[in-house]
Amino acid sequence: MDLQYNQEEEQFRAEVRAFLAGWPLRGEEASLPIAEQETLFRSQAIERGYVYRDIPREYGGGGQEPDVLKDHIVRAEFGRAGAPGSSFLQGPAMLAPTLMEFGSEAQRRRFVPPTLREEIRWCQGYSEPGSGSDLASLQCSAALEGDDESGEWVINGQKIWTSNAQNSHWLFGLFRTETDAPKHKGISYLLVPLDQPGVEVRPLKQMTGGLDFNEVFFDDARTGADCIVGERGQGWQVSRATLKHERNLIANPNLMRDHFDAVVDLARTTLRNGRPAILDPGIRQRLSEIECYVRTNETSNLRQLSAAARGEELKCMLPMMMNKLYSTDTMQRLMEIAYELVGADGLLAPSEADLAGYAKGEGPTGWVEQWMFSLGPAIAGGATNIQLNIIGERGYGLPRDQRPTR
Amino acid sequence: MHFGLSEEQELLQETFRGFAQAEFPPQRLREVFDAGEGHDPGLWKGLAEMGLTGLVVPEAHGGAGLEILELALCCEVAGATGIPGALLEHSLACLAIDACGDPSQRERWLPGLATGDVIGTLALAEPDAECETADPWDPDGWQTRTSNGTVSGFKQYVPHLDHAGLVVVGLADGGLAVVEPSESDAASVRVEPQDGIDRTRPISKLRLQGAAAQPLPNATAESTRRILDAGLVGLAADAFGAATRLIQLSADYAKDRKQFGQPIAQFQAVKHQIARMGTEIEPTRALLWYAAHALDRGLEDAGRHAAMTKAHVTAKSVEVARDAVELHGGLGFTWECDVQLWFKRAMFDRSFLGTPEVHRERIATLAGW
């Protein structure tokens, strides 16, 4: 155990901090709309090699050698400064790394730079009404018309739970292209433009009242023959890589610490029996227990990061496959206390502002929204019951369930 | 930056694990458990030969000169293999004498403790203290006092007293004194065995009435707190080891046991229960390493992390132990089933040196809540 960073790493941290002194922007730039300020600052951060570090310059990335510890330093320092770093949007966070791993040279050049600049916004088309946890049973079909060069995929069917489709230009997703192949081998990974007559996006209202996700209908929708990532029938393997990136997003320990601190503040400012709730022995017990989960999550992530930096991931496979479940469970426990602290205001529905804030709202109704929202991540990206199957089967060598359709 | 174990530390665990599995098979553990002795001379000799009895004793006094992280790693193996003996209590006595004794005291006691010829333990909790404070291990509640080279007081939950040649006794101001019980002072040192829950770690009451004692001159409430914190991390590591063993026993049983024509592990109710047991425990390994490391390097948040590991890992280990009994069905509820050996290990680890409730309150207080 050596938690000291070496001189080179400390110097790197100092450089990052010096750069971050420029956020928030000042002068005339500070009067731009916030989204433009973020784009401006992020482009400077990419230029300096801090953001999208591993993606080469020619694809619009930071062009640095992979370095897990430097990634960690950048994330920690950007998080501390509240500055816009690598985006959590599906395009930069999930599609860009997937294209770097599996995409053709032409696809990388065409899509990665504008995706990182957020000029092309993406949504993910995986789930279908009949295919949730059993994703490989998906039926939404794509048939190739013409040849591999100039032909087009013709797409028919439906996707569901498509977050942000209403604000996206393109969809990446899984489609059945090989009708005669076994179910996992008949799937391809395609990129599909949404702005066309054959595509209809219908918003789905969430139980929170928010409108983050959608149904997407394809009726003879089209995309180029060259918009397949990987080979025909290889989509399942390509999508595993994307899912891995998604689970890492959900397990981000920095976000969890921010939420924990916010709930502690809520307990300080909420009065119970004429005194702050944080003096209540029951609340203290529960906050302490939850901080143990939060701290376990942080230290376990640091351990995995350190192992990855040394190429020793095999030493921590078990905790790695538990990350998603551990963090979504912890978040739900945390929000449970927040919901209790808002007391009778739990009768109130979230406001428009709460819903627009994407689970960051403040005030009692903001906490009500966050409490409801904390269920979402436990379902998205591999629901809890599926995580438990993975841990039981791959982690502890327990036999698979009987699956007659396999 | 390296958040992980060195090759030497991994080797230490592997060597100890290999020794315990070879020299102390489950049927031997069962014999020791049923006898309620809590000590196996051959096993202790083996630990001494591996250098484990002197693990935290400085090399100058014949020990290995290792730290609390290595002690915790050994406690994990002890918990997983279920071996009896005073490894943790003995090591805490060594830490106390090394940190708080004067040079002549260190020279007098540490070499014998390092070779394992003398077994050390600690007498801290007091029966009346629990009424005054929330926790009988809280030094603020201790009443034991020294006077003219003697000590008087009433202690309980003292582990391994029958075999101990040296007892570190907690005093009213948070200081410490050493008592070396012998046949001749039976009147001033009275031992009353208690019927303890973990029969591999027997406990006793200890009445001291003018017993010959040597105070450790550098012991303060603060230094005693650090010894206790090392104990918290050791217990948490022991509980972690016990829990991993219980999860393994449960997984093995569920793969083997058939009902409705299939292994019960194939039922998701069972599979998910085992996966949940694992998920509660496995990630806390990193919390344990951090807590031990923080004590070794004297980091500012060391005490709070010691409380966190103790509160969290021991509480979750007891939950895992209950699940393990349930997974084994009626068999799991019997005295005969080995599950109870680790179940009781987890119970000891949970309650000794303060319950999870006590340490959660300390977590809150130290955060300034």
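Everything numeric here is computed off the predicted structure, so don't read it as measured data. (Residues numbered from 1 in each chain as written. Chains lettered and ligands numbered in written order. Predicted model: local features only at pLDDT ≥ 70, side-chain atom pairs only at ≥ 80, totals over all residues. Heavy atoms only, no water.)

A separate point is the domain arrangement of chain A. Under the domain assignment used here, chain A contains domain 1 (7-86), domain 2 (122-233) and domain 3 (251-341 + 374-396). Domain 1 of chain A and domain 2 of chain A are separated by 33 Å when their C-alpha centres are compared. (Domains from an automatic or database assignment.)

Let's shift gears to helix H9 (residues 268-281) of chain B. Spanning 14 residues, H9 of chain B covers 20 Å between terminal C-alpha atoms, matching the ideal 20 Å at 1.5 Å per step. In terms of burial, H9 of chain B is largely enclosed, as eleven of its 14 residues are buried. Along H9 of chain B, the residues classified as buried are Val270, Lys271, His272, Gln273, Ile274, Ala275, Met277, Gly278, Thr279, Glu280 and Ile281 of chain B. Packed against the buried residues of H9 of chain B are helix H8 (281-309), helix H9 (317-341) and helix H13 (384-396) of chain A together with helix H8 (221-256), helix H10 (284-296) and helix H11 (302-327) of chain B. (Helix = DSSP H or I, 4+ residues; strand = E, 2+ residues; numbered from the N terminus. Expected span 1.5 Å × (residues − 1). Buried < 20%, exposed > 50% of the residue type's maximum accessible area, 1.4 Å probe, protein only. Contact = heavy atoms within 4.5 Å.)

A word on the interface of chain B and chain A. The interface is formed by 46 residues belonging to chain B together with 51 residues belonging to chain A. Both sides together, the interface formed by chain B and chain A hides about 4,600 Å², and carbon and sulfur atoms give 59% of it. Three residues, Met1, Phe3 and Trp369 of chain B, lead the burial of chain B against chain A; their summed loss comes to 21% of the area buried on that side. Between chain B and chain A we count eight salt bridges in total. Taking the shortest distance from any N to any O, the salt bridge between Lys315 of chain A and Glu10 of chain B comes out at 2.8 Å. Joining chain B to chain A, the criterion identifies 27 residue pairs in polar contact (both at pLDDT 80 or more). Those elements giving two or more residues to the side of chain B that touches chain A turn out to be helix H1 (7-23), H8, strand E10 (262-263), H9, H10, H11 and helix H14 (356-366) of chain B. (Buried area = accessible area lost by both parts, 1.4 Å probe. Salt bridge = Lys/Arg side-chain N within 4 Å of Asp/Glu carboxyl O. Polar contact = N/O pair within 3.5 Å; in protein donor to acceptor, adjacent residues only side chain to side chain.)

In a structure, side chains of opposite charge can pair up when their charged atoms sit close to one another. Summed over all chains, the structure comprises 47 salt bridges over all chains. Taking the shortest distance from any N to any O, the salt bridge between Lys183 of chain A and Asp134 of chain A comes out at 2.9 Å. Of the two residues, Lys183 of chain A is situated in the loop between strand E4 (170-176) and strand E5 (187-193) and Asp134 of chain A in the loop between strand E1 (122-125) and strand E2 (141-145); the sequence distance between them amounts to 49 residues. Accessibility expressed as a relative area gives 37% for Asp134 of chain A, which makes it partly exposed. Linking Asp238 of chain B and Arg345 of chain B is a salt bridge whose minimum nitrogen-to-oxygen distance equals 2.8 Å. Highlighted residues: Asp238 of chain B in helix H8 and Arg345 of chain B in helix H13 (residues 339-351), separated in sequence by 107 residues. Assessed through its relative accessible area of 4%, Asp238 of chain B is described here as buried. Of the residues examined, Arg345 of chain B reaches a relative accessible area of 4% and is grouped as buried. Three or more residues joined by partner-sharing salt bridges are found here, namely Glu10, Arg13, Arg17, Glu77 and Arg80 of chain A.

Okay, the sheet that holds strand E4 (residues 166-170) of chain B next. Residue and element names in this part refer to chain B. Pairing within the open sheet is mixed, and its four strands lie in the order E1-E4-E5-E8. Looking at the sheet topology across the chains shown, the edges are occupied by strand E1 (120-123) and strand E8 (214-215). Of the strand pairs in this sheet, E4 and strand E5 (residues 176-179) are connected by four bridges, and their pairing is antiparallel. By the bridge assignment, Val169 is partnered in E5 with Ala177. (Pairing = 2+ DSSP bridges.)

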